[in-house]
Amino acid sequence: MSTNTKVALLTIGLLGVYFLNRTRTAGFFNYDIKRVSISFSGIVPVLRFDIAIENPSGNSFTIKSMNGKLYSQSIELSSVSAFDTVVITPNAVSIYPLYFRLSLTNLFGAAIA
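Everything numeric in this text was worked out from a predicted model, so none of it was measured.

Visitor: Mind showing me how you'd approach the environment of threonine 85 here?
Guide: Along the chain, threonine 85 turns up in the loop between strand E5 (75-82) and strand E6 (86-88). Judged by its relative accessible area of 56%, threonine 85 falls in the exposed class. Considering only alpha carbons, one finds threonine 85 and lysine 64, 21 residues apart in sequence, at a separation of 4.3 Å. Look past the residues within four positions of threonine 85 in its chain and what remains in contact with it is Thr62, Ile63 and Lys64.

Visitor: What is the right way to read unusual backbone geometry from this model?
Guide: With the exception of glycine, the majority of residues adopt a negative phi angle, and the majority of peptide bonds are in the trans configuration. In the Ramachandran plot, asparagine 91 falls in the positive-phi region, its phi being about 50 degrees despite a non-glycine side chain. Counting through the fold element by element, asparagine 91 comes out in the loop between E6 and strand E7 (92-102). Accessibility expressed as a relative area gives 58% for asparagine 91, which makes it exposed.

Visitor: Sorry, what's going on with the pattern of salt bridges here?
Guide: Between side chains of opposite charge, a pair can form when the charged atoms approach closely. According to the stated counting rule, one finds four salt bridges in the structure shown. A salt bridge links aspartate 50 to arginine 35, with the shortest nitrogen-to-oxygen separation between them at 3.3 Å. In this pair, aspartate 50 sits in strand E2 (residues 44-55) while arginine 35 sits in strand E1 (residues 30-41), placing the two residues 15 residues apart along the sequence. Ionic pairing is found between lysine 69 and glutamate 76, a salt bridge with its closest N-O pair at 3.5 Å. What you see here is one network of salt bridges that share partners, running through Arg35, Arg48 and Asp50.

Rules and cut-offs
Residues numbered from 1 in each chain as written. Predicted model: local features only at pLDDT ≥ 70, side-chain atom pairs only at ≥ 80, totals over all residues. Heavy atoms only, no water. Helix = DSSP H or I, 4+ residues; strand = E, 2+ residues; numbered from the N terminus. Buried < 20%, exposed > 50% of the residue type's maximum accessible area, 1.4 Å probe, protein only. Contact = heavy atoms within 4.5 Å. Salt bridge = Lys/Arg side-chain N within 4 Å of Asp/Glu carboxyl O.

Keep in mind that these numbers describe shape and distance, not what the molecule does.
This is the structure:
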């Protein structure tokens, strides 16, 4: 099975899950950035965004982890990760920390080009 076929099937599956759960998840994605901080891992800057997720429904859900990369115009700017398990409680606001580890070589390379 080709990569394009796998991506298409995954997309169809995710859309199906989204539309089947649409009434349950309505309003789940109300969010606000509450705090931004910077730290360093060696010489690599790490940005921490505390995302306040508002859950106006009566259902709770759990975010176990997230891992990915942030791109802009085909240039990788940072890796994004969050390995803290957070329970988004019903009818409340929960804080979810996201960490952006900046790719300095790609950022400076893009600035020079």
